[in-house]
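Breakdown of the fold
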Amino acid sequence: MAAPDPSRIKRVLVVDDEENIRHLLLVVLKKAGFEPTAAPGAREALDLLASEQFGVVISDVRMPGMDGQALLTAIRGLPLDPAPYVLMMSAYGGADMALECVKAGAYDYFNKPFRADEVVLLLNKILEREELREENLKLRAALDGRVRFDDIVGRGEAMQKIFDTVRKIARYKTTVLLTGESGTGKELLARAIHRHSDRGDGPLVPVNCGAIPENLLESELLGHVKGSFTGATRDKRGLFAEADKGTIFLDEVGELPLPLQVKLLRVLEDEVVRPVGSTTSRQVDVRVIAATSRDLDRRVEEGRFREDLFYRLNVMHVRIPPLRDRGEDVTVLVDHFLRRFNERFARTVSGLEPDAMSAVLSYRWPGNVRELENAIERAMILSDGDRLPLDVFPPTVRDAHGRPSARTIDTEDLSIKRRVPVLEAELIRAALMQTAGNRTHACKLLEISHRALLYKMKDYGIDVPSRRTP
Ligand SMILES: Nc1ncnc2c1ncn2[C@@H]1O[C@H](COP(=O)(O)OP(=O)(O)OP(=O)(O)O)[C@@H](O)[C@H]1O
Ligand SMILES: [Mg+2]
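Residues numbered from 1 in each chain as written. Chains lettered and ligands numbered in written order. Predicted model: local features only at pLDDT ≥ 70, side-chain atom pairs only at ≥ 80, totals over all residues. Heavy atoms only, no water.

**Considering the overall build of the protein chain**
The number of helices and strands found in the protein chain is 19 helices and 18 strands. For 470 residues, the compact-globule formula gives about 23 Å, and the C-alpha radius of gyration of the protein chain, at 31 Å, lies well above that figure. Taken along the three principal axes of its C-alpha coordinates, the protein chain extends 95 × 55 × 45 Å. For the protein chain, the proportion of its 470 residues judged to be buried stands at 43%. (Helix = DSSP H or I, 4+ residues; strand = E, 2+ residues; numbered from the N terminus. Rg over C-alpha atoms; globule rule 2.2 N^0.38 Å. Buried < 20%, exposed > 50% of the residue type's maximum accessible area, 1.4 Å probe, protein only.)

As structure tokens, this is what we get:
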């Protein structure tokens, strides 16, 4: 559907076989600030609609030849986007006729003779409705822009900071180290960083360092020449060479065996690779993003990860907190996955039943976003209603219902001075979201004065398009 455009509503097409009605409406509408055009019949109206854009069509019902109802049907069948609002008028018919017209797709109906101000009022109502639609779309876009970075969503401070960092570092060739528990979105983030870099059109080569057998890992990464070992029946380009002019994503880098760590360090420092069994090296231009769900510091202490390699990888460190420490993200993630699976399964699920939502908010999600994503997918498959009930969630999640919320505070920072304003800004955003930007309603929910709300919004830089009380 095309974006709403209130100004299009000003262009009104008047269709009536009676000259004096056309004239009257032209005068009245012009005076009220509209830009009316008149047509003496349905055919002429359709010709005009084919070449010009109108926001509203006002048509008489009874006309010789093609009548108003046939015109309405014809307009509904036109591939117009946006389709015009159609108002019908008639001296005959009354309530039945009105109902029939509205059922056939008219926006409204009025009787002849009509009062000029009545018609203008109707048009102004349409205009207002279109303005509202436009504001709502803007509001949604504004909120969307804040909670998402490509396909990564997150509303809390932690993810917002990560989005900022990624925006800043993506275009440089810095090595990035992503850490976070399993399922927190490390790979998703790595792909976003690659996409936003100037090598985004180049290859992104993921390597799962933990999944390749140790004896093959070197030749996988660096390549080999034919005959260099049993089974090397032909030359093989390594993954580093594949990633030339692009990015290599070294997933589970903590699993890399020590001897290979030395080789990797050399590649990172010299940007040259020498395939196994080869005497010549080759220059490569590769950006490295590494990820691990392990505690690399500990592995360094234990002597299982080389300290020099650790420092080489740890140029930019992005730590993704576990989902249980970013409760603010759960609702937007749920929304995100509902939308995604609605699309994939052609469903129209609009949300979760209150007890299911409460369980989802209280559960600790040890498998992080991946576990949440799977739970929503499963729940959608198991239910056929438009709201997901509690009993389609796994028992572990169900058990969390009624427990105190897992929105336990991120215990890394306990400063009241720093944390309270963050919570306050969260509440204000939530209230504005719930009221579609209506300040008057939002300040009631927040139990603060209108002035205080405006002041705080300014203070926190919350910029949501305003909507008046209807
Ligand atoms: N912030 C997020 N917004 C949207 N989807 C997310 C987010 N974080 C993770 N996901 C989704 O969760 C799933 C797991 O993410 P991903 O594979 O990136 O995690 P990971 O940290 O690499 O996990 P592992 O350590 O197990 O490999 C993916 O389907 C991903 O799309
Ligand atoms: Mg991963």
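After presenting the structure, the write-up continues.
**A few points about the domain arrangement of the protein chain**
Domain annotation of the protein chain identifies domain 1 (6-142), domain 2 (157-226 + 236-321), domain 3 (324-398) and domain 4 (416-459). Distance from the C-alpha centre of domain 3 to the C-alpha centre of domain 4: 27 Å. (Domains from an automatic or database assignment.)

**Topic: the sheet that holds strand β8 (residues 176-179)**
Two strands in a sheet stick together by hydrogen bonds in their backbones, pointing the same way (parallel) or opposite ways (antiparallel). Ordered in space as β9-β12-β15-β8-β16, the 5 strands form an open sheet in which the pairing is parallel. Unpaired on one side and paired on the other, β9 (204-208) and β16 (316-319) mark the two borders of the sheet. Neighbour to neighbour, the strand axes of the sheet diverge by 20° on average, direction disregarded. Pairing analysis gives 5 bridges linking β9 to strand β12 (residues 246-251), with the strands arranged parallel. Each bridged residue has a counterpart across the sheet, and for Pro-206 the counterpart in β12 is Phe-249. Packed on one face of the sheet, helix α6 (residues 157-169) meets β8, β15 (286-292) and β16 and runs near 155° to β16. (Pairing = 2+ DSSP bridges. Axes fitted to C-alpha atoms, helices over the stretch in contact; angles between N-to-C directions. Contact = heavy atoms within 4.5 Å.)

**Considering unusual backbone geometry**
Look at the link from Asp-81 to Pro-82: it is a cis peptide, with omega at 5°. Mapped onto the elements, Pro-82 comes out in the loop between α3 (68-77) and β4 (85-90). Geometrically, the link from Lys-112 to Pro-113 is a cis peptide bond, its omega value of -5° lying close to zero. With respect to the helices and strands, Pro-113 occurs in the loop between β5 (108-111) and α5 (116-147). Positive phi is not limited to glycine here, since Lys-245 has a value of about 70°. Within the secondary structure layout, Lys-245 lies in the loop between α9 (239-242) and β12. You will see that Trp-365, though not glycine, has its phi angle at about 50°, which is positive. For Trp-365, the location among the structural elements is in the loop between α14 (354-362) and α15 (368-382).

**Examining the site of ligand 1**
In the neighbourhood of ligand 1, 18 residues make up the surrounding shell, with Val-153, Ser-182, Gly-183, Lys-186 and Glu-373 lying closest. Ser-182 places a polar side-chain atom, nitrogen or oxygen, 2.5 Å from an oxygen atom of ligand 1. At 3.1 Å, a backbone N or O of Glu-187 approaches an oxygen atom of ligand 1. Here ligand 1, which alone exposes 640 Å², has 87% of that area covered by the protein. Secondary structure elements with two or more residues in the shell around ligand 1: β7 (152-153), α7 (186-195), α13 (328-345) and α15. Of the residues that constitute the shell around ligand 1, the class distribution is 6 nonpolar, 5 polar and 7 charged. Mapping the shell around ligand 1 onto the domain boundaries places at least three of its residues in each of domain 2 (157-226 + 236-321) and domain 3 (324-398). (Near = heavy atom within 4 Å. Polar contact = N/O pair within 3.5 Å; in protein donor to acceptor, adjacent residues only side chain to side chain. Areas by Shrake-Rupley, 256 points an atom, 1.4 Å probe, with all protein chains shown as cover. Nonpolar A, V, L, I, M, F, W, Y, C, P; charged D, E, K, R; others polar.)

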